[in-house]
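# Fold and contact review
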Amino acid sequence: MRRPLPTAVAAVALSATLLTSCSTDSGTAEATTTDSATPRLALSYDGGVLVLDAQSLDVVGSAEVDGFTRLNPAGDDRHVLVSTGNSFTALDTAEPALTDVTFEAKTPGHVVRHDGKTVLFDDGTGLVRVFDPAELSDGTPDTTEFTTPEAHHGVAVELSDGSLLTTVGNEDERTGIVVLDRDRKEIVRNEDCPGVHGEAVAAGETVVVGCQNGLLIYRDGVITKVTSPDPYGRIGNQAGDEDSPIILGDYKTDPDAELERPERVSLTDTATGQLTLVDLGTSYTFRSLGRAPHGEALVLGTDGAVHVIDPNSKAVSRTVDVIDPWTEPDKWQSPRPALYVQDHTAYVTDPANKKIHTIDLDTWAVSGQADLPETPNEITGVAR
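Given the structure is predicted, the values throughout are model-derived calculations rather than measurements. (Residues numbered from 1 in each chain as written. Predicted model: local features only at pLDDT ≥ 70, side-chain atom pairs only at ≥ 80, totals over all residues. Heavy atoms only, no water.)

### Considerations on the sheet that holds strand β24 (residues 289–291)
Spatial ordering of the open sheet is given by β24-β25-β26-β27, a layout of four strands whose pairing is antiparallel. Only two strands of the sheet have a single neighbouring strand rather than two, namely β24 and β27 (315–321). Averaged over all neighbouring strand pairs, the angle between strand axes comes to 25°, with direction disregarded. Here six bridges tie strand β26 (residues 305–310) to β27, and the two strands are oriented antiparallel to one another. By the bridge assignment for β27, V308 is matched with R318. (Pairing = 2+ DSSP bridges. Helix = DSSP H or I, 4+ residues; strand = E, 2+ residues; numbered from the N terminus. Axes fitted to C-alpha atoms, helices over the stretch in contact; angles between N-to-C directions.)

### What about the pairing of strand β7 (residues 97–104)?
The buried fraction of β7 amounts to six of the eight residues, a majority that puts the element mostly inside the structure. The hairpin turn running from strand β6 (residues 87–92) into β7, its antiparallel successor, is four residues long. (Buried < 20%, exposed > 50% of the residue type's maximum accessible area, 1.4 Å probe, protein only.)

### Considerations on the pairing of strand β21 (residues 246–249)
Side chains of β21 alternate between two faces, with I246 and L248 and I247 and G249 buried alike. Of the strand pairs in this sheet, strand β20 (residues 238–239) and β21 are connected by two bridges, and their pairing is antiparallel. Its bridge partner being in β21, A239 is matched across the sheet by L248. Remark: six residues form the turn of the hairpin made by β20 and β21, two consecutive strands paired antiparallel. Bridge count between β21 and strand β22 (residues 264–269): four bridges; the pairing is antiparallel. Within β22, the residue paired with L248 across the bridge is L267.

### Here's the deal with the state of the cysteines
Per the stated rule, a full pass over the model turns up one disulfide. Across the disulfide from C193 sits C211; the S-S distance is 2.0 Å. Classification of the bridge connecting C193 and C211 rests on its S-S torsion, roughly -100°, and on that basis the disulfide is left-handed. One end of the pair, C193, is in the loop between β15 (186–190) and β16 (197–202); the other, C211, is in strand β17 (residues 206–211), with 18 residues separating them in the sequence. (Disulfide = S-S within 2.5 Å.)

### Let's talk about the sheet that holds strand β12 (residues 156–158)
Taken together, four strands build an open sheet; the order of strands is β12-β13-β14-β15 and the sheet is antiparallel. What marks the edges here is a single partner per strand, and that holds for β12 and β15. Geometrically, the sheet is characterised by an average inter-axis angle of 20° between neighbouring strands, direction not taken into account. Sheet topology note: the strand β13 (residues 164–169)/strand β14 (residues 174–180) ladder contains six bridges and is antiparallel. Bridge pairing in β14 links L165 to V179.

If you want it as structure tokens, here you go:
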């Protein structure tokens with residue numbers, strides 16, 4: 001049996017399964033029941049989630065969701081996990097509709113997919129849940145669980161041998177990572193990572209997390225510290241490619257800034273530990289990072305262009321103009337242009353004009369655009 005949703009979310013799921021597109025004075029969510037094997041996109045907006053056909057960019061469904069919403073692919077090429085105030089809820093992009101598959105969480109945080117497993121981290125309790133996303137179509141999957149000693153804004157990754165990497169911290173500070181074996185006995189830890197945040201997986205099942213003074217790299221039972229060239233050189237968001245040893249990261253140097261607008265990104269070779277800074281000549285945000293299918297690092301700048309960095313030369317090899325120049329909003333929850341890569345296509349949202357644009361990552365041409373009925377915020381997708 002599928003676990004019942006909280007009443008408010010259950011009402012959303014019901015409204016999202018209406019057979020015809022409609023609206024009422026009560027704000028019922030628009031939806032369709034189009035079923036297709038084509039890739040899908042999910043875009044959050046203030047009040048809900050849009051589902052698009054990733055090829056035509058047509059809106060094929062929508063669902064109302066109250067409050068600020070975060071989106072992550074669930075890992076099964078069909079579902080997206082919608083994070084709200086108190087749960088992770090699966091949205092079926094094929095129906096499309098919110099399902100009654102939900103994982104309650106005090107403060108839903110990071111969702112990580114690796115080696116056929118999906119890991120949820122509850123910042124409010126430190127509860128880590130691991131499940132097989134292939135089971136989502138049959139109801140709420142069975143989970144294995146682990147709780148960190150203290151709750152914190154963290155992240156966890158389960159590796160192919162069943163070991164679990166989690167962050168270490170509490171409500172006041174985050175200090176590093178610990179790796180536990182299949183039986184959850186400690187293998188190794190490193191707490192020389194103030195402000196630990198984010199994760200990415202590189203070639204050789206190498207896991208990287210960011211610090212306020214560099215990175216920690218875990219591979220084959222060993223944790224290595226890579227130190228930033230600046231005393232405060234924060235790398236808080238990363239984009240990895242499991243076929244490449246290179247990790248793309250942001251890079252901030254002002255510990256006192258309420259909102260720093262950096263113009264450099266970091267490229268770290270996880271095989272050698274070499275960290276290289278690349279000057280873009282434009283700022284960017286945490287929703288600006290991506291990887292192309294041949295390993296190129298992509299950064300969406302506030303100049304409106306996608307900057308393509310060659311992972312070998314560590315230099316910008318081309319820029320692709322996509323949207324008008326824009327300014328990062330003061331609040332991180334506010335809509336701003338976002339970059340998302342799926343297969344050989346990059347998608348760029350344009351909240352100011354309620355549009356979405358595509359870039360062909362083989363030809364580097366802007367290949368399409370579409371108008372949206374809502375102002376987009378976050379974007380993710382499934383390959384189908």
